Amino acid sequence: MTTTTDPFPTYEDVKAAKDRVHGVIRPVPVFEIDRETFGTARVFLALDFTQSSGSFKDRGAANFIGAHLAAGSMPGAGVVIASGGNAGLACAWAAQRHGIRATVFVPVTAPAVKVARLRAFGADVRQVGAEYAEAAAAAAEFAAATGALASHAYDDPYIAAGAGTLLGEIHAQVPGLDTVVVAVGGGGLFAGTAMAAHTLGVRVVAVEPENCRALNAAIEAGEVVDVPVDSVAADSLGARRVSETALHWAQRVRARSVLVTDEAIRAARQLLWDQRHLAVEHAAATALAALTSGAYVPGEGERVAVVLCGANTDPSDLVTT
């Protein structure tokens, strides 16, 4: 995928992914929030949770499986992945489309709604450990023992490049787009977005919960480091460390990294329900929380797209007003 001069995936890989997933993933719906909400800034919501599996992860999964099928590198044992839920769902969905076996390792803390949907997509679900890292270790052992093709929730060039196809769709619908705001877990969506943003001339704001700050800590340290994981959004954003690709692209595009509290995340999620009747997961609300909490304040006339990345959630805790 990459060249000898650049060990990390680039916008060329995003363009290849766009061709590969065309007609497979759903184009993202984008609409503008009432202008008075954020002063003179124009803020748009990109609803990529409308994908078949309920999150943006379909983009990377479709690209990963499509590329391996085209290359003849998909084994009879199928594909295996560890996930907090959404990457596994996307992998299971993409595998089911092609009649491929999918084994998905998730932490025991994975939301029941995600586990149920995994099984509905025909996946063999294995619940192991309290955190993503423990499920990932078990998935690696399974791949070694069975010969299944190991996918990754975020740290794979096909996965990141597939995620990068989103920004081009947003950019086409928002002429003059200045800034894109994305939530960050392990960094797949962020890395792909940054690859596209670098070429399209769009700023990137990376948003993380205060206690799930893998990218923020890596930028601060100048290298990938382990961080504690403790947030209401940890089921999707709870990676102990960000990918090297994400850090590389954060440095290259000089991304703005901001942190938000769990209280701000809950409030943003409730706001989306109260004002838009959108029931999203906490990870999706994390991106909007950057604006609603003031962690990121758009400039006058700035055109900002906020990515709502997933909606595999139990809406029973959303208060009806």
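For the structure, check the block above.
About the cut-offs
- Residues numbered from 1 in each chain as written.
- Predicted model: local features only at pLDDT ≥ 70, side-chain atom pairs only at ≥ 80, totals over all residues.
- Heavy atoms only, no water.
- Axes fitted to C-alpha atoms, helices over the stretch in contact; angles between N-to-C directions.
- Helix = DSSP H or I, 4+ residues; strand = E, 2+ residues; numbered from the N terminus.
- Parallel < 35°, antiparallel > 145°, perpendicular 65-115°, else oblique.
- Contact = heavy atoms within 4.5 Å.
- Nonpolar A, V, L, I, M, F, W, Y, C, P; charged D, E, K, R; others polar.
- Core = buried A, V, L, I, M, F, W, Y, C linked by side-chain atoms within 4.5 Å.
- Buried < 20%, exposed > 50% of the residue type's maximum accessible area, 1.4 Å probe, protein only.
- Expected span 1.5 Å × (residues − 1).
- Pairing = 2+ DSSP bridges.
- Right-handed = clockwise from strand over helix to strand, strands pointing away.

It is worth spelling out the packing of helix 1 (residues 11-21) against helix 2 (residues 57-71) at this point. With their axes 9 Å apart at the nearest point, helix 1 and helix 2 run at an angle of 85° to one another. On the basis of the axis angle, helix 1 is roughly perpendicular to helix 2. Contact residues: helix 1 offers Ala17, Arg20 and Val21, while helix 2 offers Arg59, Ala62, Asn63, Gly66 and Ala67. A breakdown of the residues in the contact of helix 1 with helix 2 according to their chemical character gives four nonpolar, two polar and two charged.

Let us look at the nonpolar core. Leu45, Ile170, Val181, Phe190, Leu291, Val306 and Leu308 are the most contacted members of the largest nonpolar core, which has 77 residues in total. Sequence-distant contacts of leucine 308, defined by excluding residues within four places in its chain, comprise Leu45, Ala46, Leu47, Asp48, Phe49, Leu272, Leu278 and Ala284. With 43 residues, the next largest nonpolar core counts Cys91, Ala102, Ala123 and Ile159 among its residues.

In this model helix 12 (residues 262-276) runs 21 Å from its N-terminal to its C-terminal C-alpha over 15 residues, within 8% of the 21 Å that 1.5 Å per residue would give. Listed in full, the buried residues belonging to helix 12 are Asp262, Ala264, Ile265, Ala268, Arg269, Gln270 and Leu272. Those residues of helix 12 that are buried are in contact with strand 2 (42-47), strand 8 (203-209), strand 9 (256-260), helix 13 (282-292) and strand 10 (303-308).

Right, let's talk about the pairing of strand 7 (residues 179-183) for a bit. Within strand 7, five of the five residues are buried, which leaves it mostly tucked inside the rest of the structure. Alternating positions in strand 7 separate into two faces, Thr179, Val181 and Ala183 on one and Val180 and Val182 on the other, with burial throughout. Relative to strand 8, strand 7 is paired through five bridges, and the arrangement is parallel. Bridged to alanine 183 within strand 8 is valine 207. For the crossover that starts at strand 7, traverses helix 8 (residues 188-200) and ends in the parallel strand 8, the hand is right-handed.

As a further point, take the sheet that holds strand 5 (residues 124-127). Spatial strand order, 5-4-3-6: four strands in an open sheet with parallel pairing. Two strands bound the open sheet, and with one partner strand each, they are strand 5 and strand 6 (149-150). Bridging between strand 4 (residues 102-106) and strand 5 involves four bridges; their strand directions are parallel. Paired with valine 106 across the bridge in strand 5 is glutamine 127. The strands that helix 5 (residues 132-146) touches are strand 3 (79-82), strand 4, strand 5 and strand 6; relative to strand 3, the one it contacts most, it runs at about 160°.

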